[in-house]
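Summary of the model geometry
Here is what each chain is made of, one letter per residue.
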Amino acid sequence: MEAADYEVLSVREQLFHERVRECIISTLLFATLYILCHIALTHFKKPAEFTTVDDEDATVNKIALELCTFTLAVALGAVLLLPFSIISNEVLLSLPRNYYIQWLNGSLIHGLWNLVFLFSNLSLIFLMPFAYFFTESEGFAGSRKGVLGRVYETVVMLMLLTLLVLGMVWVASAIVDNNKASRESLYDFWEYYLPYLYSCISFLGVLLLLVCTPLGLARMFSVTGKLLVKPRLLEDLEEQLYCSAFEEAALTRRICNPTSCWLHLDMELLHRQVLALQTQRVLLEKRRKASAWQRNLGYPLAMLCLLVLTGLSVLIVAIHILELLIDEAAMPRGMQDASLGQVSFSKLGSFGAVIQVVLIFYLMISSVVGFYSSPFFRSLRPRWHDTAMTQIIGNCVCLLVLSSALPVFSRTLGLTDFDLLGDFGRFNWLGNFYIVFLYNAAFAGLTTLCLVKTFTAAVRAELIRAFGLDRLPLPVSGFPRASRKTQHQ
């Protein structure tokens, strides 16, 4: 063999080893996410649905739970996708010739983006509908009972749903873009139809983030205030403990004397209320034992960090709005070649990249908080060891829609200059200046409005409680007038 043949074989062998290494790394990363998601869903599932007398229902629920675990792992991977790419680029810039990070390259990052896109399509379009129909199916009438009969019914329902969605997408494409070439492109199922359908789902996810994130940014202050111990000026733990003990004693007397003047008592409800009060009292006892450092320093620092992160997010979006008006390069766009390790995607270097990652995670957490705080999705909130299987499926679908739209959301708002890789950059609406500009303006306006309203109301309420004005028989804003019966008591 000639030297050229040996060189070609060497290049092919090296390319083969790189592909195998990327597959192993991707598998290990996904396996880690899968295990974490399985542990989380195990703590939220309802044990009664998996230990039923009917083994068939238990088997169906176990299969559906595994599909939900896969979907939730994909959602978590979509959340980590953009931060992992930004950090990888900064690591390659800082250590370009380090032997131990040679596995971290543009090919691996590009492959992860493609895998997340593929698995997101697979989960949203096939796995989650299959899991829902599988749990609700009973088999065709007259057919043999068993898991296999449920599978047949689920497959038929899934095929009918696919045809229905295919027709709706085809009609929508004809209405939006009345072009023969665009309609014929939908016949190519993998190259055009699935990306187009996922583009529509991603657009709905970005709109959902636009609504939930400002609400979550405003709710983060109250949620953090409930988790941390406030200074004594802002809350009286002794009074809360006294009220909790008084209510527990009153409920205990009702339970011990069911034949008294109280009629039609729901004993199960009373027992649940007593358990809730006991849990609340234990938490209040722990908060009362908190140190002075934790009480007087932790809460103000947490509030200051939230305020800085929120203000920084709004400031970056405002700057991005000005860049959109001046420079066309500020528009979000896709990137087919992941050339990492050449230039930083932040003007502040590694420090700016860290800020970008922190802001992305902060906005994602805020969007989840806002999602479960909204009145439309509050009933979907999971409960510890008391979440039905259909509710788990709904949560996984919603979280996947939110998380898969996070890279597009972050790039559209200008939180990072890292361009979208793979099919994430092929969304048609990303090139529309009016949509991107109005989206940025709406986010900045809604976030500012929610913060001003929530912050002023929270400060006013805390000051009123601190000075004891809420216990006065005065018509104070935000507190109802005390009744005469309460005043005499």
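Predicted model only: the values in this text are computed from it and were never measured.

Observations concerning the overall build of the chain
When its secondary structure is counted, the chain shows 14 helices and two strands. Burial statistics for the chain: of 489 residues in total, 41% are counted as buried. Accessible surface, the chain: about 28,000 Å² in total, of which carbon and sulfur atoms supply 67%.

Examining the environment of Cys396
Take Cys396: it is sitting in helix α11 (residues 389-404). A relative accessible area of 2% places Cys396 in the buried class. When near neighbours in sequence (up to four residues on either side) are disregarded, Cys396 contacts Cys68, Thr71, Leu72 and Met128.

Overview of α11
Spanning 16 residues, α11 covers 22 Å between terminal C-alpha atoms, matching the ideal 22 Å at 1.5 Å per step. Among the 16 residues of α11, 13 are classified as buried, and the element is accordingly described as predominantly covered.

Observations regarding the nonpolar core
Among the nonpolar cores identified, the biggest contains 87 residues, and Cys68, Trp113, Met389, Phe409, Phe418, Phe424 and Phe443 are the most heavily contacted of them. The element best represented in this core is helix α2 (residues 55-94), accounting for 16 residues. With residues near it in sequence (within four places) discarded, Trp113 still touches Leu81, Leu82, Ser85, Pro407, Phe418, Leu420, Leu421 and Phe424.

Here we look at the pattern of salt bridges
A full pass over the atoms with the stated rule returns one salt bridge. For Glu22, the salt bridge identified is with Arg19, shortest N-O distance 3.8 Å. Within this pair, Glu22 and its partner Arg19 are both found in helix α1 (residues 3-44), separated by three residues, close to a single helical turn. Residue classification places Glu22 among the buried positions, given a relative accessible area of 11%.

Describing a nonpolar patch on the surface
Side chains of Phe140, Leu148, Tyr152, Val156, Met157, Leu160, Leu163 and Leu166 sit close together on the surface and give an oily, nonpolar patch of about 750 Å² of accessible area. Considering the arrangement of structural elements, one finds Leu160 in helix α4 (residues 147-176).

Digging into the packing of aromatic side chains
Counted under the stated rule, the structure contains 13 aromatic pairs. Here the aromatic rings of Phe30 and Phe119 are separated by 5.9 Å at their centres, their planes lie at 50 degrees, and the arrangement is tilted. Taken together, the residues Phe30 in helix α1 and Phe119 in helix α3 (residues 106-136) connect sequence positions 89 residues apart. Relative accessible area serves as the criterion here: at 23%, Phe30 is assigned to the partly exposed category. Joined through ring pairs, the aromatic side chains of Phe30, Tyr34, Phe70 and Phe119 make up one cluster.

Thoughts on the packing of α3 against α11
Between α3 and α11, whose axes approach to 10 Å, the crossing angle comes to 170 degrees. On the basis of the axis angle, α3 is roughly antiparallel to α11. Contacts between α3 and α11 pair Ser120, Ser123, Leu124, Met128, Ala131, Tyr132, Thr135 and Glu136 from the former with Met389, Thr390, Ile393, Cys396, Val397, Leu400, Val401 and Ser404 from the latter. Class assignment for the residues of the contact of α3 with α11 results in 10 nonpolar, five polar and one charged.

Here's the deal with the environment of Met157
Among the secondary structure elements, Met157 is positioned in helix α4. Taking the relative accessible area as the measure of exposure, Met157 reaches 36% and is therefore partly exposed. Here the alpha-carbon distance between Met157 and Phe133, two residues 24 residues apart in the chain, equals 7.3 Å.

Things to note about the confidence of the model for the chain
Put simply, the chain has an average pLDDT of 77, and 74% of its residues get 70 or more. Throughout residues 474-489 the model reports pLDDT below 50, and contacts reaching past four residues in sequence, or to other chains, amount to 12 contacts.

Section: the side chain of Ser373
Assignment of secondary structure puts Ser373 in helix α10 (residues 350-373). The class for Ser373 is buried, based on a relative accessible area of 13%. In this structure, Ser373 is in contact with Leu215, Arg219, Arg378 and Arg381, ignoring residues within four places of it in sequence.

What to know about a positive patch on the surface
A cluster of like positive charges, contributed by Arg219, Lys226, Arg378 and Arg381, occupies part of the molecular surface. Residue placement: Lys226 occurs in helix α6 (residues 189-227).

Let's talk about the environment of Tyr198
Inspection of the secondary structure assignment puts Tyr198 in helix α6. Once the C-alpha coordinates of Tyr198 and Ser404 are considered, the two residues, 206 residues apart in sequence, prove to be 9.7 Å apart.

Side note on the packing of α2 against α3
In contact at an axis separation of 9 Å, α2 and α3 are set at 155 degrees when each is read in the N-to-C sense. Between α2 and α3, the crossing angle belongs to the class labelled roughly antiparallel. As for how α2 packs across α3, the hand of that crossing is left-handed. Its residues assigned to classes, the contact of α2 with α3 shows 21 nonpolar, eight polar and no charged.

What to know about the side chain of Ser313
One can find Ser313 in helix α9 (residues 292-326). Judged by its relative accessible area of 1%, Ser313 is buried.

Scoring rules and cut-offs
- Residues numbered from 1 in each chain as written.
- Predicted model: local features only at pLDDT ≥ 70, side-chain atom pairs only at ≥ 80, totals over all residues.
- Heavy atoms only, no water.
- Helix = DSSP H or I, 4+ residues; strand = E, 2+ residues; numbered from the N terminus.
- Buried < 20%, exposed > 50% of the residue type's maximum accessible area, 1.4 Å probe, protein only.
- Areas by Shrake-Rupley, 256 points an atom, 1.4 Å probe, with all protein chains shown as cover.
- Contact = heavy atoms within 4.5 Å.
- Expected span 1.5 Å × (residues − 1).
- Core = buried A, V, L, I, M, F, W, Y, C linked by side-chain atoms within 4.5 Å.
- Salt bridge = Lys/Arg side-chain N within 4 Å of Asp/Glu carboxyl O.
- Patch = residues over 30% accessible without salt bridge, like charges linked within 9 Å, V, L, I, M, F, W, Y side chains within 5 Å.
- Phe/Tyr/Trp six-rings, centres within 6.5 Å; stacked < 30°, edge-to-face > 60°.
- Axes fitted to C-alpha atoms, helices over the stretch in contact; angles between N-to-C directions.
- Parallel < 35°, antiparallel > 145°, perpendicular 65-115°, else oblique.
- Nonpolar A, V, L, I, M, F, W, Y, C, P; charged D, E, K, R; others polar.
- pLDDT = per-residue confidence, 0-100.
- Lys, Arg positive; Asp, Glu negative; His and termini not counted.
- Charge placed at Lys NZ, Arg CZ, Asp CG, Glu CD.
- Left-handed = near helix turned anticlockwise from the far one by under 90°.

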